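# Architecture and fold: a report
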Amino acid sequence: MLYQRSSQLFQEAKKYIPGGVNSPVRAFSAVGGDPIFIKEAKGAYMYDEDGKKYIDYINSWGPMILGHAHQPVIDAVIEKTKKGTSFGTPTEVETQIAKLATQMVPNIDQIRMVNSGTEACMSAVRLARGFTGKDKIIKFAGCYHGHSDSFLIQAGSGAVTFGTPNSPGVTKGTAQDTLLANFNDLKNVEELIKANPNEIACIILEPIAGNMGCIPPQEGFLEGLRELCDQNDILLIFDEVMTGFRQAEGGVQQRLNVSADIVAFGKVIGGGLPVGAFAARKEIMNHLAPLGPVYQAGTLSGNPLAMAAGLAMLTELHENPEIFKSIDEKTVYLKEGLDKVLSKNGVTYTINQIGSMISVHFSETPVVDFETAALGNNEYFKKFFHGMLEEGIYIAPSSFETWFISEALSYDDLDKTIAAADKITAGW
Ligand code: PLP
């Protein structure tokens, strides 16, 4: 029976793991129902514990840009594993991936490896504070930078205000140092800077937002932030955890030609193993321990298996840059196909797409920030999600998430996805 074993496994998991999951979005809370337990995956497909096959649009939330169980990555990990899994000493592979990453991405001389995107963003902000000697940061509503305290802040009332925590456990003191702005709203950022003169260490953002659906920056937004940062001695941090090594070899900096001071990475850089990283020019990175006073460390940072997986992944992307064009074209094909069937079926919707990131919103209002992303009709999204799941199409279980296109997807897979969307929404 459909999902039977998954549901049994979920009941068992809930006894020993809070909510049955190790990361909340996996619990299907936003769409209802029990989550699917995946047994294995290869290329564009995942197979659940009941034997059902899915065309995958989550791709482990981004890392699997070349599809699941990609052979060069698997081979690299197996070979490394045979030689020991962790030493807590420097290893050659760390320098190899650092060298390659700094060649691929503009404006960075050095890179430090960590174990997650959360750590990367948290460390990037500490470095920015240490470098500038200032405490406050500006982040944008709806941008997610992991679960470190400074980022779990929601808007207080009024535009120019201190943030307030939106998770118990985040102290008011921490929240006070995080100022909240609206994505794509330069004026709002300008006001915050004016109201907090010489106090802001950095502005951190997803240069293409992917955690409120996919929201591209409007023309001039990133350039305007760059200018404001330069005028006010503020560091600009691009959180490229989703977009790095995906939107282009050199990420959004390269794709949209705007330079950041510090860049955070995750997802693709680890090839599916737990890796994050942050990078900047030497002058900034020199402030990190052991060279400088800003402390940052990790027992498993630069782990040989993770580095081998990441190196295999980046090498393939670097040697075959046509992959970026190919996934972009597949995503445009998907967008055009979905556009056709959703409008034919009279559905109220907006599709946002840039590069290999795409999101479907059940609202006609252009989705440009968190407020407009929240206008989507969640009842329609739930129906769409569960319908697609039954048709064997696995999209993210929340309307605030982006779909990630992998190179493993064939045009036949895309056609099946479009046909499934047609079938589900016919008669809406
Ligand atoms: N930054 C962005 C843009 C993300 O999308 C995520 C996770 O989805 C993170 C940071 C946090 O990364 P991690 O989940 O690896 O801690």
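All figures in this text were calculated on a predicted structure; none of them were measured in a lab.

### Description of the pairing of strand β5 (residues 136–140)
A large share of β5 lies buried, amounting to 5 of its 5 residues. Here β5 shows no split at all, with K136, I138 and F140 on one side and I137 and K139 on the other all buried. Bridging between β5 and strand β9 (residues 200–205) involves 3 bridges; their strand directions are parallel. In the strand pairing of β9, K136 is matched with I200. As paired elements, β5 and strand β8 (residues 178–181) share 4 bridges and run parallel to each other. Following the sheet pairing, I137 is matched in β8 by T178.

### A closer look at the sheet that holds strand β14 (residues 357–361)
Spatially, 3 strands are ordered β13-β14-β16 in an open sheet, and the strand pairing comes out antiparallel. Looking along the sheet, the strands with just one partner apiece sit at the ends: β13 (350–354) and β16 (403–404). As paired strands, β14 and β16 are joined by 2 bridges and run antiparallel to one another. When the bridges of β16 are listed, M357 appears paired with F404. On top of the sheet, helix α11 (residues 322–344) reaches β13 and β14; it is set at about 170 degrees to β13, its chief contact.

### Section: the confidence of the model for the protein
With 98% of its residues at a pLDDT of at least 70, the protein reaches an overall mean of 95. Overall, residues 157–161 carries pLDDT values under 50, and its contacts beyond four positions in sequence, including any with other chains, amount to 6 contacts. Interface confidence for the predicted complex, given as ipTM, is 0.99, next to a pTM of 0.97.

### Re the UniProt feature "modified residue: N6-(pyridoxal phosphate)lysine" (unreviewed entry) in the protein
The positions UniProt marks with the feature "modified residue: N6-(pyridoxal phosphate)lysine" (unreviewed entry) are K267. For K267, the location among the structural elements is in the loop between β11 (262–265) and β12 (276–280). Setting aside residues up to four positions removed in sequence, K267 forms contacts with W61, G62, P63, G117, V241 and M242.

### Focus on the domain arrangement of the protein
Domain boundaries in the protein define domain 1 (4–69 + 321–425) and domain 2 (71–319). A separation of 25 Å is found between the C-alpha centroids of domain 1 and domain 2. Counting residues at the interface gives 28 residues for domain 1 and 29 residues for domain 2. Counting residues per element, the ones that place at least two in the side of domain 1 that touches domain 2 are α11, β13, β14 and α12 (370–373).

### What to know about the pairing of strand β4 (residues 110–114)
Burial runs high along β4: 4 of the 5 residues are buried. Examined bridge by bridge, β4 and β12 share 5 bridges and lie antiparallel to one another. Bridge pairing in β12 places I111 opposite A279.

### Here we look at the site of the ligand
Taken together, the neighbourhood of the ligand is formed by 16 residues, with S116, G117, T118, G146 and V241 sitting nearest. In terms of residues, the shell around the ligand owes the most to one element, helix α4 (residues 117–132), which gives 3 residues. Taken together, the residues of the shell around the ligand sort by class into 5 nonpolar, 9 polar and 2 charged.

### A look at unusual backbone geometry
Cis geometry is adopted by the peptide bond preceding P290, which originates at A289 and carries an omega value of 10 degrees. Secondary-structure assignment places P290 in the loop between α9 (282–285) and α10 (304–319). In this structure, W61 is a non-glycine residue whose phi angle is positive, near 70 degrees. The partly exposed category is assigned to W61, around which 19 C-beta atoms lie within 10 Å. Backbone geometry places N257, a non-glycine residue, at a positive phi of 60 degrees. Residue position: N257 is located in the loop between α8 (251–256) and β11.

### What about the nonpolar core?
I203, I237 and I262 are the most contacted members of the largest nonpolar core, which has 136 residues in total. Among the elements that line this core, the one with the most residues is α10, at 10 residues. Contact partners of I237, with chain neighbours within four places excluded, come to A124, V125, A128, C202, I203, I204, A260, D261, I262 and A264.

Cut-off values and rules
Residues numbered from 1 in each chain as written. Predicted model: local features only at pLDDT ≥ 70, side-chain atom pairs only at ≥ 80, totals over all residues. Buried ≥ 20, exposed ≤ 12 C-beta atoms within 10 Å, placed from the backbone. Helix = DSSP H or I, 4+ residues; strand = E, 2+ residues; numbered from the N terminus. Pairing = 2+ DSSP bridges. Contact = placed C-beta atoms within 7 Å. Axes fitted to C-alpha atoms, helices over the stretch in contact; angles between N-to-C directions. pLDDT = per-residue confidence, 0-100. UniProt positions renumbered as here; feature names shortened; annotations may be inferred. Domains from an automatic or database assignment. Near = placed C-beta within 6 Å. Nonpolar A, V, L, I, M, F, W, Y, C, P; charged D, E, K, R; others polar. Core = buried A, V, L, I, M, F, W, Y, C linked by C-beta atoms within 7 Å.

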